[in-house]
Amino acid sequence: MEQLPKIVQERLQATATPEPHPDPDLLTAFAEKSLATREHAQVLAHLAHCADCREIVSLAQVEEQVEVPAIAASAAPARLAWMRGPVLRWGAVAACIAVVAGAVLIRQHRPPAQAVKIASKAPTIALNQDETFSDKVSSRGMTVPGPEGQKEIVAKLERDQQVKLAVSAPAKAAHSVRAQAGAKQELADSTRELKLLNRPAPRPLAALSPSAPPPPSAPSSSAVVVGGQSFPLNKAAKDSKTDIANAGVGSASETVTVVSAAPEMGTSAVMAKTSNAPSTTQTVEVKRDPFRHNASGGLQSRTTEDVSAAAALGARWTTSPDGQVQRSTDGGKTWQPVPVAGQSGFRAVSAYQSDIWAGGDGGLLYHSSDGGAHWTQVKPSFLGTPLTANITHIEFPDTRHGKLTTSNQETWATMDGGATWLKR
Amino acid sequence: MEELYRKSGAEKFGFSSGQFAAILEEVGTRFLAPKAASEETRALYVSLKLEELVLARACAAGHERAWDTFLVRYREKLYDMATGIARQSSAARELADGIYADLYGTTERDGKRVSKLASYCGRGSLEGWLRTVMAQEFVNRYRKQKRLVSLDEESEEGAQFTAKPSDPPAVVDPRVESATDEALGVLNSEDRYVLSAYYLDGRTLAEIARTLGRHESTISRKLDKLAKSLRKQIVAGLALRGMSRRQAEEALEVDVRDVSVNIRKHLTQKSGAQTFPEKKAEAGAADGPG
């Protein structure tokens, strides 16, 4: 590169014009090339004279990914060449055919009466049983053949054709069946219904109410599958909220009520000061229904959070006069000390689901996200200044937003679960 | 305006259409001429990043949901940006914390919280604006600080606390200065920016190309062409000022201050090599075999 004489460099630097610096908005728009021509020229004219603004623009620009993997770059053409080969092409076609055939066979052989299966992601309860199937049979003017006849028809249809059964949500609506032709559809319907005839009739949806007993004998209908986990239906089903609220820690079974239009049950964290607790301590009662329903009444999948919440359900937290963290699982009748990394001197505690915060003297602050099983020390700091005052009050209405109050009237707030803090 | 209001999603952050219009008017006042045409105003409003503008203003107003959205989108990026700018983790952390506090608004004016986000106008992306603000803060705060060196470290390293030698005032031919200024004066902004960024700031061709949206080879050719063209123009200007061509080229090639430094170095090396050679010879003879 041609060298620039030193005198030219000096004069280039010396002839800077003292113009007002552009707005950060303008510099950003300049860097992103979204300025109009006139404004672009104005900003460029300033940058030509102002070293600081040039540096800001340079620092503010995103570094492009210059490390393009040489291996990937060189292999790409080879890989593409290989993929162009007929072998892979036909192999892919064969794989697709195999997958489709497998899916069809699985559908055909899948037992139709899977009772109530709640898809982990689908917001609705899918049924493959129409409570009025017998009405359908008679409405088509057909009679139900005997066992031998049933076997013959089933075998024939399995050989000849495939029927797609699409069961649409929501649970209240009758399931719909898509057929290839009118006559074949009727036979397919008959086949499915005949299969269903061989099983005990599952109870209609309305029967799975809190007051109704579970369907007898059919093993698949005595359990509810939620997110891959099987939950036995409690014979003496009670209101789900009551059951869950009283389940407490270590409950081995849970009651599930499947209703078509369940009200949406949200979460609630109740923080209250009990009359028994000393005025300087803070007691928290946590109530939570881990089974969230969506607007259409379907159950959402259970998450790890739900499991932890269920485990910590009904727990109350407080601090003792000697600075220990305590927990009660029987509504406050008895309290058990919870070790917090061997520390004491706690004066305030806050709990939301299984997320527990305990704070005390000298900025002592610990956090547990698993209901008190494990604790992590948190050291809030703001602009390099750590929190050293005594924490007298903690408030966390959810897992992310929280506030600490100290004895010297400081308020420390976080909006990201304690990763960063602001002091007011 | 209604369309822009709907597009921005201002309603979900509690802004009425009137409040939204007031925000746009403020932006227009800042970037448009007092009597700007309606087309120009409309073009400006349409070019704004409305959704991000509304988010920033909602955060500045203390809207909790807006802050949730802001944190989800930008919290991690803030620290990544700081690391990219400051390069050192401790400085990056401090830079990010400082910016975070400014964005949140820890200071109050007239009983109202002052948030830096209130100054975002949506001309560029919010992420880019955050990066620019952070770079600005870095340039202001860190690059202007003098590096503090421990005295113990210096003595261990053997550094000497010598007085800084005062350079003699450079006597540059005023004709060279004026010819150079004349040649630089005819450059357009882009050419001057390229020269300044490369020769003064030490930017790479790739960085300059990225800023200007050009190809690296284009910048390389431009620099070569500019350097040659400047030299030619200065020589021509010096010729007009009474210098011969040879004198003009010598004036550009040789800097008086560079020559004086060389002489100083040369003299220092000579005296160091010949320090008391005769005394050393005598000492060697005295030690001898005995």
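Residues numbered from 1 in each chain as written. Chains lettered and ligands numbered in written order. Predicted model: local features only at pLDDT ≥ 70, side-chain atom pairs only at ≥ 80, totals over all residues. Heavy atoms only, no water.

Chemist: Let's hear about helix α4 (residues 51–60) of chain A: which residues, and what values?
Modeler: Counting buried residues in α4(A) gives seven out of 10 residues, a clear majority hidden from the surface. Listing the buried residues of α4(A) in full gives Cys53(A), Arg54(A), Glu55(A), Ile56(A), Val57(A), Ser58(A) and Ala60(A). On its buried face, α4(A) is in contact with α2 (24–31) and α3 (37–47) of chain A together with α7 (126–141), α10 (189–200) and α11 (205–212) of chain B. (Buried < 20%, exposed > 50% of the residue type's maximum accessible area, 1.4 Å probe, protein only. Helix = DSSP H or I, 4+ residues; strand = E, 2+ residues; numbered from the N terminus. Contact = heavy atoms within 4.5 Å.)

Chemist: Go over the pattern of salt bridges with me, naming the residues and quoting the values.
Modeler: Residue and element names in this part refer to chain B. Scanning all chains against the criterion turns up 21 salt bridges over all chains. One salt bridge in this structure joins glutamate 51 and arginine 73, with 3.0 Å as the shortest N-O distance. Of this pair, glutamate 51 sits in helix α4 (residues 50–60) while arginine 73 sits in helix α5 (residues 64–86); the two residues are 22 residues apart in sequence, bridging distant segments of the chain. Looking at arginine 73, the relative accessible area reads 31%, which means it is partly exposed. Salt bridges linked by common partners bring Glu190, Asp191, Arg214 and Lys222 together as one network. (Salt bridge = Lys/Arg side-chain N within 4 Å of Asp/Glu carboxyl O.)

Chemist: Break down a nonpolar patch on the surface for me, with residues and values.
Modeler: Taken together, the side chains of Trp90(A), Val93(A) and Ile97(A) define a hydrophobic patch exposed on the protein surface, amounting to about 350 Å² of accessible area. Within the secondary structure layout, Ile97(A) lies in helix α6 (residues 86–109). (Patch = residues over 30% accessible without salt bridge, like charges linked within 9 Å, V, L, I, M, F, W, Y side chains within 5 Å. Areas by Shrake-Rupley, 256 points an atom, 1.4 Å probe, with all protein chains shown as cover.)

Chemist: Which residues make up the interface of chain B and chain A, and what are the values?
Modeler: Contacts between chain B and chain A engage 73 residues on the former and 57 residues on the latter. Across the chain B to chain A interface the summed buried area is about 5,900 Å²; carbon plus sulfur atoms make up 58%. One can count seven salt bridges joining chain B with chain A. Remark: the boundary between chain B and chain A carries 17 residue pairs in polar contact (both at pLDDT 80 or more). Per-element tally for the side of chain B that touches chain A: the top contributor is α10(B), with 10 residues. Tallied by class, the residues present in the side of chain B that touches chain A amount to 32 nonpolar, 15 polar and 26 charged. (Buried area = accessible area lost by both parts, 1.4 Å probe. Polar contact = N/O pair within 3.5 Å; in protein donor to acceptor, adjacent residues only side chain to side chain. Nonpolar A, V, L, I, M, F, W, Y, C, P; charged D, E, K, R; others polar.)

Chemist: An account of the nonpolar core is requested, with residue identities and associated values reported.
Modeler: With 111 residues, the main nonpolar core has Trp67(B), Phe70(B), Leu103(B), Leu117(B), Leu126(B), Leu130(B) and Leu195(B) as its most contacted residues. In terms of residue count, α5(B) provides more of this core than any other element does, 11 residues in total. Membership of the second largest hydrophobic core comes to 13 residues, among which are Trp317(A), Ala351(A), Ile356(A) and Leu364(A). (Core = buried A, V, L, I, M, F, W, Y, C linked by side-chain atoms within 4.5 Å.)

Chemist: I'd like to hear about unusual backbone geometry, residue by residue, with values.
Modeler: Even without glycine at this site, Gln409(A) takes up a positive phi of about 65 degrees. Along the chain, Gln409(A) falls in the loop between β19 (402–406) and β20 (411–414). Judged by its relative accessible area of 65%, Gln409(A) falls in the exposed class. At Arg87(B), a position not held by glycine, the phi torsion is positive, near 70 degrees. In this fold, Arg87(B) is placed in the loop between α5 and α6 (89–104).

Chemist: Describe the packing of aromatic side chains, and please don't skip the residues or the numbers.
Modeler: Applying the stated criterion to the full structure yields 10 aromatic pairs over all chains. Their ring planes at 75 degrees and their centres at 6.4 Å tell us that Trp317(A) and Trp375(A) sit as a pair that is edge-to-face. Of this pair, Trp317(A) sits in strand β9 (residues 316–319) while Trp375(A) sits in the loop between β14 (365–368) and β15 (376–377); the two residues are 58 residues apart in sequence, bridging distant segments of the chain. Take Trp317(A) and Trp375(A): they sit in the same class, and that class is buried. A ring pair is formed by Trp67(B) and Phe70(B), whose centres lie 5.3 Å apart and whose planes are at 80 degrees; its orientation type is edge-to-face. (Phe/Tyr/Trp six-rings, centres within 6.5 Å; stacked < 30°, edge-to-face > 60°.)

Chemist: Which residues make up the sheet that holds strand β13 (residues 355–360) of chain A, and what are the values?
Modeler: Backbone-to-backbone hydrogen bonds join strands into a sheet, with any given pair of strands oriented parallel or antiparallel. Residue and element names in this part refer to chain A. An order of β12-β13-β14-β15 is seen for the four strands of this open sheet, with the pairing classed as antiparallel. On the outer flanks of this sheet lie β12 (346–352) and β15, each paired with one strand and no other. Strand direction decides the pairing type here: β13 and β14, joined by four bridges, are antiparallel. Note that in β14 the partner of glycine 359 across the bridge is leucine 365. (Pairing = 2+ DSSP bridges.)

Chemist: Quick rundown of the sheet that holds β20(A)? Include the residues and the values.
Modeler: Residue and element names in this part refer to chain A. Pairing is antiparallel in the open sheet, where four strands are placed in the order β18-β19-β20-β21. For this open sheet the edge positions go to β18 (391–395) and β21 (422–423), each flanked by a neighbour on one side alone. Relative to β20, β19 runs antiparallel, the two being bridged by four bridges. Bridged to threonine 405 within β20 is threonine 411.

Chemist: For the environment of Trp375(A), give the residues involved together with the corresponding values.
Modeler: Residue and element names in this part refer to chain A. Tryptophan 375 gets classed as buried once you look at its relative accessible area, which sits at 14%. For the pair formed by tryptophan 375 and leucine 365, sequence separation is 10 residues and the distance between their alpha carbons is 9.9 Å. Leaving out residues up to four positions away in the same chain, tryptophan 375 has contacts with Trp317, Val338, Pro339, Val340, Ile356, Ala358, Tyr366, His367 and Ser368. Polar contacts involving the side chain of tryptophan 375 include one to the main-chain carbonyl oxygen of proline 339, which spans 3.3 Å.

Chemist: Go over the confidence of the model for chain A with me, naming the residues and quoting the values.
Modeler: All names here are of chain A. Confidence in the prediction for chain A averages 66 pLDDT; 45% of positions are at 70 or higher. α2 holds the highest mean pLDDT among the elements of chain A, 94, whereas strand β7 (residues 268–271) holds the lowest, 40. Overall, residues 70–78 carries pLDDT values under 50, and its contacts beyond four positions in sequence, including any with other chains, amount to zero contacts. Confidence drops under a pLDDT of 50 for residues 199–229, and excluding neighbours within four residues, the segment shows 62 contacts in the predicted structure. (pLDDT = per-residue confidence, 0-100.)

Chemist: Go over the pairing of β19(A) with me, naming the residues and quoting the values.
Modeler: All names here are of chain A. Burial along β19 is one-sided: the face carrying Gly402, Leu404 and Thr406 is buried and the face carrying Lys403 and Thr405 is not. Judged from the four bridges that link them, β18 and β19 form a sheet pairing that is antiparallel. Note that in β19 the partner of histidine 393 across the bridge is threonine 405. Between β18 and the antiparallel strand that follows it, β19, lie six residues. Counting the residues in the hairpin turn of β19 and β20 gives four residues, including glutamine 409, whose phi is positive at 65 degrees.

Chemist: I'd like a rundown of the packing of helix α9 (residues 174–185) of chain B against helix α12 (residues 216–240) of chain B, residues and numbers included.
Modeler: Any two packed helices are characterised by the angle at which their axes cross and by the distance between the axes. Residue and element names in this part refer to chain B. Interaxial distance between α9 and α12 falls to 9 Å at its minimum, and their mutual angle equals 130 degrees. Classified by the interaxial angle, the pair formed by α9 and α12 is oblique. For α9 against α12, the interelement crossing comes out right-handed. On α12, the residues that touch Arg175, Val176, Ala179, Thr180, Ala183 and Leu184 of α9 are Leu230, Gln233, Ile234, Gly237 and Leu238. (Axes fitted to C-alpha atoms, helices over the stretch in contact; angles between N-to-C directions. Parallel < 35°, antiparallel > 145°, perpendicular 65-115°, else oblique. Left-handed = near helix turned anticlockwise from the far one by under 90°.)

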